Amino acid sequence: SGFLSNYVTFEDEANIPAIAKYFNTKGRYEEVNPYLREDILAVNRSILQPPSAECRQIHLTAIIRHGTRYPTTKNIKEMQQLYNIVLHNASGEQSWLHELQTQWRMWYTEDMDGRLVQKGVNELKHLAVRLSKLFPSLISEEKLRGGFIKFITSSKHRCVNSTLSFKAGLTELWDIKGMTMIIMMGPLCIACCSLLPVAFLCADVEFDHAVNDALMRFFDKCTRFVEEVDNNPSAVTEVEKFKEGPEMRRVQQKIADILNVPYSSITYDVAEAAFYLCAYEFAIRSVKSPWCELFDEDDAKVIEYASDLREFWKRGYGHDINSKASCILFHDVFSRMDKTATQNKLGQQVTEAVTVQVGHADTLLPLLTLLGFFNDSEPLTSTNYAAQAHRSFRTSHMLPYAANLLLVLSDCGGGDLRLQPLLNEKPVTFPGLTDRSSMPLYRDVLEHYKDLLQGCDFETECQLFKQPAEV
Ligand SMILES: O=P(O)(O)O[C@H]1[C@H](OP(=O)(O)O)[C@@H](OP(=O)(O)O)[C@H](O)[C@@H](O)[C@H]1OP(=O)(O)O
């Protein structure tokens, strides 16, 4: 059908900004998986090479960040401030500056506020098709119609619409007509559906989706995180120090020199807005905009580090509560896999073959941190930018739009269940697990995380005056 027909695309490398690989959470999924630039539906089935032909996939949990979105209102205001500087104060002979001053228009408006764009719709549709190719026995029309595929989403519009897009990718793939998905809360759905023409179907058993912010926006619900980190400027002191430090100052002064404006005009936020304009023009409109001319790779690496520093201290290893806030999601995932393991062992129908959970970068990063992924030997600080040049904690590689953590549970016979983690459709290994294979035994994974499985109680961890651990 439509969106599948023209999926073979060719992207002219010349249109890709040299700094596109440094766009952090504003980066495209294609920069993390460049093979998709030629064929957006390409998959590499060899990554699922099970240790034995007996292995049979019995469950998939997919925790997915929403697709490409508009800038948030906060960023749009900063972009407008930069645009005014370029229009009214900047001077120079550069052709790209002339283009910015005479042709480019500030088309972002505050009401856009992070909403999903068409590119984001397509990303989730294409991801759904690729996952159906990777896991045909789990993501199948039969499983969808039978209600064995469940959907959970954050209440944010970009996540709800990403969930709808993922489903649309499947219904269009299988040419399931009339299955208009309406995100409704239970009783309201029943009430309104009786009034709607038959072509409209509410969320019926086959599209068992739920809006669940306790799971997908846990960071809003964890009181200790909100008080001690989210609303506490001293929790991100290292970030503020770096923004005032020598590396960032050089970048800001260079921009001021290029635009021929006073150094005081190019604050950190203005410089970041210029970087974001290059990133959003590329992600949303697939163009290399004149804004990209303000940065070379060295500049981009500095701004990338400033963003990683913020994510490290707000969502990553900087504070223990950042990852402990995701305990509720951690237990949700493992309890569902335990339930599947029991049903499988008893020879019962696995009632939840696939769970698709759509959230934010702020949903995925704390969970990845809790599981120990991308933990460097040294913390990211305001003074070790150079030493961290090869850090593993790099959101440009982890968290593009539509980033996804996949957990695939397989029955390999003889009572052996195996659990394979994939990040952005690439195999990863659970950090610190003795078995470095791509499909470790599920029981070894449970043993590895037993302290978290037996503890990591969301209510306990998130209470404001948490009692010290029992001695
Ligand atoms: O810098 P912005 O305003 O874009 O930050 C957004 C978050 O975007 P991200 O930093 O992840 O690119 C946004 O996360 P998302 O995954 O939903 O895009 C988050 O929901 C939003 O609140 C902003 O985060 P902040 O920490 O509140 O600035």
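Definitions and limits used
- Residues numbered from 1 in each chain as written.
- Predicted model: local features only at pLDDT ≥ 70, side-chain atom pairs only at ≥ 80, totals over all residues.
- Heavy atoms only, no water.
- UniProt positions renumbered as here; feature names shortened; annotations may be inferred.
- Salt bridge = Lys/Arg side-chain N within 4 Å of Asp/Glu carboxyl O.
- Helix = DSSP H or I, 4+ residues; strand = E, 2+ residues; numbered from the N terminus.
- Buried < 20%, exposed > 50% of the residue type's maximum accessible area, 1.4 Å probe, protein only.
- Core = buried A, V, L, I, M, F, W, Y, C linked by side-chain atoms within 4.5 Å.
- Contact = heavy atoms within 4.5 Å.

The name an unreviewed UniProt entry assigns to the chain is Multiple inositol polyphosphate phosphatase 1, from the organism Oreochromis niloticus. Under the heading Sequence similarities (unreviewed entry), UniProt records this for the chain: "Belongs to the histidine acid phosphatase family. MINPP1 subfamily."

Trainee: For this particular structure, what's the right way to read the pattern of salt bridges?
Mentor: Close approach of charged atoms lets side chains of opposite charge pair. Taken as a whole and assessed by the stated rule, the structure comprises 27 salt bridges. The salt bridge involving K119 is made with E30; its shortest N-O contact spans 2.5 Å. Of this pair, K119 sits in helix 5 (residues 118–134) while E30 is found in helix 2 (residues 29–32), placing the two residues 89 residues apart along the sequence. With a closest N to O distance of 3.3 Å, R224 and E228 form a salt bridge. In this pair, R224 and E228 are both assigned in helix 11 (residues 223–230), four residues apart and thus about one turn of the helix distant. For R224, a relative accessible area of 11% translates into the label buried. Counted as one network, the salt bridges with shared partners bring together R28, E30, E31, R37 and K119.

Trainee: Even after reading the chapter, I still don't get the nonpolar core, so can you show me in this structure?
Mentor: Side chains of a nonpolar character, in soluble globular proteins, are inclined to be buried together. Judged by nonpolar contacts, the single largest core of 108 residues is most densely connected at Y108, L259, W291 and F334. With 14 residues, helix 14 (residues 268–285) is the largest single contributor of residues to this core. Residues in contact with Y108, not counting those within four places in the same chain, are Y70, P71, I76, M79, L277, Y280, E281 and I284. Residues I139, F151, I176 and V356 belong to the second largest nonpolar core, which totals 37 residues.

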